[in-house]
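Observations on the three-dimensional arrangement
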Amino acid sequence: MKVVLSIKPEFAFKIFDGSKKFEFRKAIFKNNNVKSIIVYASSPVQKVIGEFEIGKIFNNDLETLWNLTKEHSGITEDFFYEYFSEREKGFAIQVKNKIKYKEPKCLKADYNLHPPQSFAYVK
C-alpha cells in the first residue's frame with residue numbers, strides 16, 4: 001500500500017537530490033501495510049514528482065530524533081524544533097530507493113485525489 005504526502009517543494013526536491021533522507025511528521029498513518037510514499041510537491045509546484053520506499057520509521061522524543069537524523073535531515077536544527085514546537089515526540093520516515101518521475105504527474109488526473117492536508121491512502 002502507498003500513501004501520498006504533501007511536502008513543500010523545497011523539501012520534496014531535497015529528497016530526490018539525496019540531501020534529505022528523512023521526512024519529518026507530527027502524526028503518521030496508522031496502517032502498517034504502507035510500504036511506499038508518493039511525493040506531492042505542494043504549491044506552487046502542485047505536482048506528484050516521485051516516490052520512495054519507507055525504510056525505518058523513528059518515533060522518539062525530539063532530542064533523540066534530531067540526534068538520530070540531523071546528518072541527513074535536509075533542514076536546520078532551528079527549523080526542526082520550530083516544526084515540532086507543540087510536541088514532545090515526532091516521527092521521521094527514512095527515505096529508501098527513491099524514484100523521481102521523468103514527467104511529473106497530476107494528483108487529480110492520475111490518482112483521482114485532492115491535495116491531502118497531511119497524507120492520503122492510495123488504493
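Reading the values: rules and limits
- Residues numbered from 1 in each chain as written.
- Predicted model: local features only at pLDDT ≥ 70, side-chain atom pairs only at ≥ 80, totals over all residues.
- Heavy atoms only, no water.
- Core = buried A, V, L, I, M, F, W, Y, C linked by side-chain atoms within 4.5 Å.
- Buried < 20%, exposed > 50% of the residue type's maximum accessible area, 1.4 Å probe, protein only.
- Helix = DSSP H or I, 4+ residues; strand = E, 2+ residues; numbered from the N terminus.
- Pairing = 2+ DSSP bridges.
- Axes fitted to C-alpha atoms, helices over the stretch in contact; angles between N-to-C directions.
- Contact = heavy atoms within 4.5 Å.

1. Examining the nonpolar core
By size, the foremost hydrophobic cluster in this structure holds 29 residues, and its most contacted members are Phe24, Phe29, Ile37, Val39, Phe80 and Ile93. Counting residues per element, the ones that place at least two in this core are β1 (2-7), α1 (9-17), β2 (22-25), β3 (36-41), β4 (47-61), α2 (62-69) and β5 (89-105). Core analysis: the next-biggest nonpolar cluster, separate from the first, contains 10 residues, Val4, Tyr101, Ala120 and Val122 among them.

2. As for the pairing of β3
Within β3, six of the six residues are buried, which leaves the element mostly enclosed by the surrounding structure. Going residue by residue along β3, you find Ser36, Ile38 and Tyr40 tucked away on one face and Ile37, Val39 and Ala41 tucked away on the opposite face as well. Across six bridges, β1 lies against β3 in parallel orientation. Of the residues in β3, the one forming a bridge with Val4 is Ile38. Across six bridges, β3 lies against β4 in antiparallel orientation. Within the sheet, the bridge partner assigned to Val39 lies in β4 and is Gly50. Between the end of β3 and the start of β4, which pair antiparallel, lie five residues, with Gln46 showing a positive phi angle near 55°.

3. Focus on the sheet that holds strand β6 (residues 119-122)
Spatial strand order, β2-β5-β4-β3-β1-β6: six strands in an open sheet with mixed pairing. Strand pairing shows two members of the sheet lacking a second neighbour, β2 and β6, which therefore form its edges. Direction aside, the axes of adjacent strands within the sheet are offset by 35° on average. Where β1 and β6 come together, four bridges link them in antiparallel fashion. Its bridge partner being in β6, Leu5 is matched across the sheet by Phe119. Running over the sheet, α2 touches β2, β4 and β5 and is turned about 125° from β4.

4. What about the side chain of Ser36?
Inspection of the secondary structure puts Ser36 in strand β3. Using a relative accessible area of 8% as the deciding quantity, one classes Ser36 as buried.

5. With respect to α1
Looking at α1, one finds that the buried residues are Pro9, Phe11, Ala12, Ile15 and Phe16. Where α1 is buried, its residues meet β1, β2, β3, β4, α3 (77-83) and β5.

Nothing here speaks to function; it is all geometry.
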